[in-house]
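What follows is the residue order along each chain.
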Amino acid sequence: MIQSMTGYGRASQVLDGKEITFEIKSVNHRFFECSVRAPRAYGYLEDRVRAYVKGQISRGKIDVNLSIVLLEGANARVEANRELAAAYVNELRSLSEPLGLRDDLSLSTLLQFPDLFHVRQEGEDEEQVWLLVRQTAEQAMAQFMGMRRAEGARLREDLLENLGQIEGCRCQIAERSPQITAQYRQRLFARMSDVLGQAGIEEQRLLTEAAIFADKTAVDEETVRLSSHIAQFREILEREEPVGRNLDFLLQEFNREANTIGSKVQDVQAARIVVEIKSAIERIREQVQNVE
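Residues numbered from 1 in each chain as written. Predicted model: local features only at pLDDT ≥ 70, side-chain atom pairs only at ≥ 80, totals over all residues. Heavy atoms only, no water.

Peer 1: Mind showing me how you'd approach the nonpolar core here?
Peer 2: Nonpolar side chains in soluble globular proteins tend to end up buried together. Leu159, Ile166, Phe233, Leu247, Phe254 and Ile284 are the most contacted members of the largest nonpolar core, which totals 31 residues. Looking at this core, the elements that each hand over two or more residues are α4 (126-196), α6 (220-237), α7 (244-264) and α8 (268-288). Element by element, the count of residues in this core is highest for α8, at eight residues. Once you skip the residues sitting within four places of it in the chain, Leu159 turns out to touch Ile2, Phe233, Leu237, Ile284, Gln287, Val288 and Val291. (Core = buried A, V, L, I, M, F, W, Y, C linked by side-chain atoms within 4.5 Å. Buried < 20%, exposed > 50% of the residue type's maximum accessible area, 1.4 Å probe, protein only. Helix = DSSP H or I, 4+ residues; strand = E, 2+ residues; numbered from the N terminus. Contact = heavy atoms within 4.5 Å.)

Peer 1: Looking at this structure, I do not really get the packing of aromatic side chains. What am I missing?
Peer 2: For any pair of aromatic rings, the description consists of the separation of the ring centres together with the inter-plane angle of the planes. According to the stated counting rule, one finds three aromatic pairs in the structure shown. Between the aromatic rings of Tyr52 and Trp130, the centroid separation amounts to 6.4 Å while the plane-to-plane angle is 75 degrees, which identifies the pairing as edge-to-face. With a gap of 78 residues between them, Tyr52 in helix α1 (residues 46-54) and Trp130 in helix α4 connect regions that are remote in the sequence. As far as burial versus exposure is concerned, Tyr52 and Trp130 are alike and both buried. Relative to Phe254, the ring of Phe233 lies with its centre 5.8 Å away and its plane at 70 degrees, an arrangement referred to as edge-to-face. Highlighted residues: Phe233 in helix α6 and Phe254 in helix α7, separated in sequence by 21 residues. As far as the burial class goes, Phe233 and Phe254 line up, both buried. (Phe/Tyr/Trp six-rings, centres within 6.5 Å; stacked < 30°, edge-to-face > 60°.)

Peer 1: Even after reading the chapter, I still don't get the packing of α7 against α8, so can you show me in this structure?
Peer 2: Think of two packed helices as two axes; the pair is described by the angle between the axes and how far apart they sit. Following both chains from N to C, one finds α7 and α8 inclined at 165 degrees, their axes separated by 10 Å at the closest point. Overall, the two elements α7 and α8 adopt an arrangement that is roughly antiparallel. For α7 against α8, the interelement crossing comes out left-handed. Where α7 abuts α8, its residues Gly244, Leu247, Asp248, Leu251, Phe254, Asn255, Ala258, Asn259, Ile261 and Gly262 lie against Val274, Ile277, Lys278, Ile281, Ile284, Arg285 and Val288. Of the residues contributing to the contact of α7 with α8, the split by class is 10 nonpolar, four polar and three charged. (Axes fitted to C-alpha atoms, helices over the stretch in contact; angles between N-to-C directions. Parallel < 35°, antiparallel > 145°, perpendicular 65-115°, else oblique. Left-handed = near helix turned anticlockwise from the far one by under 90°. Nonpolar A, V, L, I, M, F, W, Y, C, P; charged D, E, K, R; others polar.)

Peer 1: What is the right way to look at the side chain of Arg59 in this model?
Peer 2: Residue placement: Arg59 occurs in the loop between α1 and β4 (60-70). Comment: no salt bridge for buried Arg59; closest opposite-charge side chain is Asp248, at 6.5 Å. Here the side chain of Arg59 touches Val291 through a polar contact of 2.8 Å, landing on its backbone oxygen. Setting aside chain neighbours within four positions, we find Arg59 in contact with Met5, His29, Arg30, Phe31, Phe32, Arg148, Gly244, Arg245, Val288, Val291 and Glu292. (Lys, Arg positive; Asp, Glu negative; His and termini not counted. Salt bridge = Lys/Arg side-chain N within 4 Å of Asp/Glu carboxyl O. Polar contact = N/O pair within 3.5 Å; in protein donor to acceptor, adjacent residues only side chain to side chain.)

Peer 1: Explain the pattern of salt bridges here, please?
Peer 2: Oppositely charged side chains are able to pair whenever their charged atoms sit close together. Scanning all chains against the criterion turns up 16 salt bridges. With its nearest N and O atoms 3.3 Å apart, the salt bridge here joins Arg170 to Glu167. Taken together, the residues Arg170 and Glu167, both in helix α4 and three residues apart, mark about one turn of the helix. The exposure class assigned to Arg170 is buried, which follows from its relative accessible area of 13%. Taking relative accessible area as the criterion, Glu167 reaches 21% and is therefore assigned partly exposed. One salt-bridge network, held together by shared partners, links Glu221, Glu222, Arg225 and Glu257.

Peer 1: Would you take a moment to explain the confidence of the model for the protein for this structure?
Peer 2: Low-confidence regions, as indicated by low pLDDT, have predicted coordinates that should not be scrutinised in detail. Confidence along the protein averages 85 in pLDDT terms, with 83% of residues attaining 70 or more. The element-level mean pLDDT for the protein is lowest in helix α5 (residues 203-217), coming to 63, with α1 highest at 96. (pLDDT = per-residue confidence, 0-100.)

Peer 1: Please clarify how the pairing of strand β3 (residues 32-37) should be interpreted in this entry.
Peer 2: Look at any regular strand and the pattern is simple: side chains alternate between the two faces of the sheet. The side-chain alternation of β3 yields one buried face, formed by Phe32, Cys34 and Val36, and one unburied face, formed by Glu33, Ser35 and Arg37. As judged from the six bridges shared by β3 and β4, these two strands associate in the parallel manner. Following the sheet pairing, Phe32 is matched in β4 by Gly60. With α1 bridging β3 and its parallel neighbour β4, the resulting β-α-β unit is left-handed. (Pairing = 2+ DSSP bridges. Right-handed = clockwise from strand over helix to strand, strands pointing away.)

Peer 1: Explain a nonpolar patch on the surface to me, please; I cannot follow it from the model alone.
Peer 2: Together, Leu92, Leu95, Leu99 and Leu101 line one region of the surface with nonpolar side chains, adding up to about 360 Å² of accessible area. Tracing the chain through its elements places Leu95 in helix α2 (residues 82-99). A residue is classified by how much of its surface remains accessible, and Leu95, at 40% relative accessible area, is partly exposed. (Patch = residues over 30% accessible without salt bridge, like charges linked within 9 Å, V, L, I, M, F, W, Y side chains within 5 Å. Areas by Shrake-Rupley, 256 points an atom, 1.4 Å probe, with all protein chains shown as cover.)

Peer 1: Would you mind going over α6 with me for this structure?
Peer 2: Given 3.6 residues per helical turn, the α-helix brings residues three or four places apart onto the same face. Across its 18 residues, α6 extends 26 Å between first and last C-alpha, which sits within 8% of the 26 Å expected from 1.5 Å per residue. Of all the residues in α6, the buried ones are Glu222, Thr223, Leu226, His229, Ile230, Phe233, Ile236 and Leu237. Taken down its axis, α6 places every buried residue within 140 degrees of arc, on the same side. Among the exposed residues of α6, those pointing more than 90 degrees away from its buried face are Glu221 and Val224. (Expected span 1.5 Å × (residues − 1). Arc of directions from axis to C-beta.)

The structure is reproduced here in structure tokens:
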């Protein structure tokens, strides 16, 4: 079943003296793009988190926020980024004179910049930390994927509804096509009668003209192909793997057949039906943009 590219999940656990919070959200995107934010001391986890997410999601713009707070102070080590602190001080002092501000920098000023400090436990096992993070990530991911599946189910119903409208319009076009040719033959006969008067009309010439028109305006091939595309679209919707790109490509074929039919039909009512087909195709296209 199809899944939406929109989703959100969050989980928080206290494990081994750490409060771990894993938050993930996504929106539609043509490709896979994952941004991971983790505490500076745990930057080594970013690649592992990204790989974990990629293993379950094929495309979409994903943002992951990972928070790890130490609840136990034993064996904790506080590290300050001295180079960054010096850069803050220099930049702040460079602003004081041009802006006419008093230089009252102090240590408390630097405490306002949390990125200058990070806390880490001595002898921390990176592999063990990752296992704890992954345990929390699995809970958030379950919530996240559940939301994507629920939204995907709603998308599927909407897609099938619009697909049914296209099928109905296609049937109307197919049924009306012979009538359009017959009506043209009648108009052609009436016009030739007006022009030739009592001189008579050559039946064979009339049939030839009608046959030429019928060939130019016949949409049998297009309606058959459109029917095949509709059946293929329904089949793709039932697949388990990501199908967004397949559906997007198939919609190009839908549009091609609709444009060809629109250029061939010489009837106001049929032209209106074609407009309805194109409108339904556009609604489907908008929805498919959010299908994984």
